[in-house]
Amino acid sequence: QLVESGGGLVQAGGSLRLSCAASGRAFNNNAMGWFRQAPGKERELVSAISWSGRSTHYANSVKGRFTISRDNTKNTVYLQMNSLKPEDTANYYCAANSRSPTYTFDHYDYWGQGTQVTVSS
């Protein structure tokens, strides 16, 4: 099970830190990702990280503003979001790819329930 937290309402230019805690099983050897979906839009991969944390990927729209990290001792993945924009408003989901240690763009098979991020202008 994956449980996200840290979402909320923030003004443009502000910051939030999302957390994704795994329980029931560990994903320390697996790729993890953060996705988001805004109303009326398709779900998109925001960022992904390899099992070790040494390899990461960012969507162009968040590059330089968001940072993904993980603490395998706590079975937790983080997404630090800075310089937030109204277009970052979405429901953010954490996901795990149980079949891959390196980050992937799809084939995530474990999902959290999501946490809402709203950025006001």
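Refer to the structure printed above.
Residues numbered from 1 in each chain as written. Predicted model: local features only at pLDDT ≥ 70, side-chain atom pairs only at ≥ 80, totals over all residues. Heavy atoms only, no water.

### Some words on the packing of aromatic side chains
For the structure shown, the criterion picks out five aromatic pairs. Note on Tyr103 and Phe105: the rings are 5.9 Å apart at their centroids and 85° apart in plane angle, and the pair reads as edge-to-face. With a relative accessible area of 28%, Tyr103 lands in the partly exposed category. Judged by centre distance (6.5 Å) and plane angle (65°), the ring pair of Tyr108 and Trp111 falls under edge-to-face. Put simply, the rings of Phe35, Tyr108 and Trp111 pair up and form one aromatic cluster. The ring centre of Tyr78 lies 4.0 Å from the NZ or CZ of Arg17, which sits over that ring. (Phe/Tyr/Trp six-rings, centres within 6.5 Å; stacked < 30°, edge-to-face > 60°. Buried < 20%, exposed > 50% of the residue type's maximum accessible area, 1.4 Å probe, protein only. Lys NZ or Arg CZ within 6 Å of the ring centre and 35° of its normal.)

### Here we look at the pattern of salt bridges
For the structure shown, the criterion picks out four salt bridges. For Glu44, the salt bridge is made with Arg36, and the minimal N-O distance between the two is 2.6 Å. A salt bridge links Arg99 to Asp109, with the nearest nitrogen and oxygen atoms 3.3 Å apart. Taken together, the residues Arg99 in the loop between strand S9 (90–97) and strand S10 (110–111) and Asp109 in the loop between S9 and S10 connect sequence positions ten residues apart. Here Arg99 falls in the exposed class, since its relative accessible area comes to 62%. Residue classification places Asp109 among the partly exposed positions, given a relative accessible area of 29%. Each of the salt bridges in this network shares a partner with another, and the network as a whole consists of Arg36, Glu44, Arg65 and Asp88. (Salt bridge = Lys/Arg side-chain N within 4 Å of Asp/Glu carboxyl O. Helix = DSSP H or I, 4+ residues; strand = E, 2+ residues; numbered from the N terminus.)

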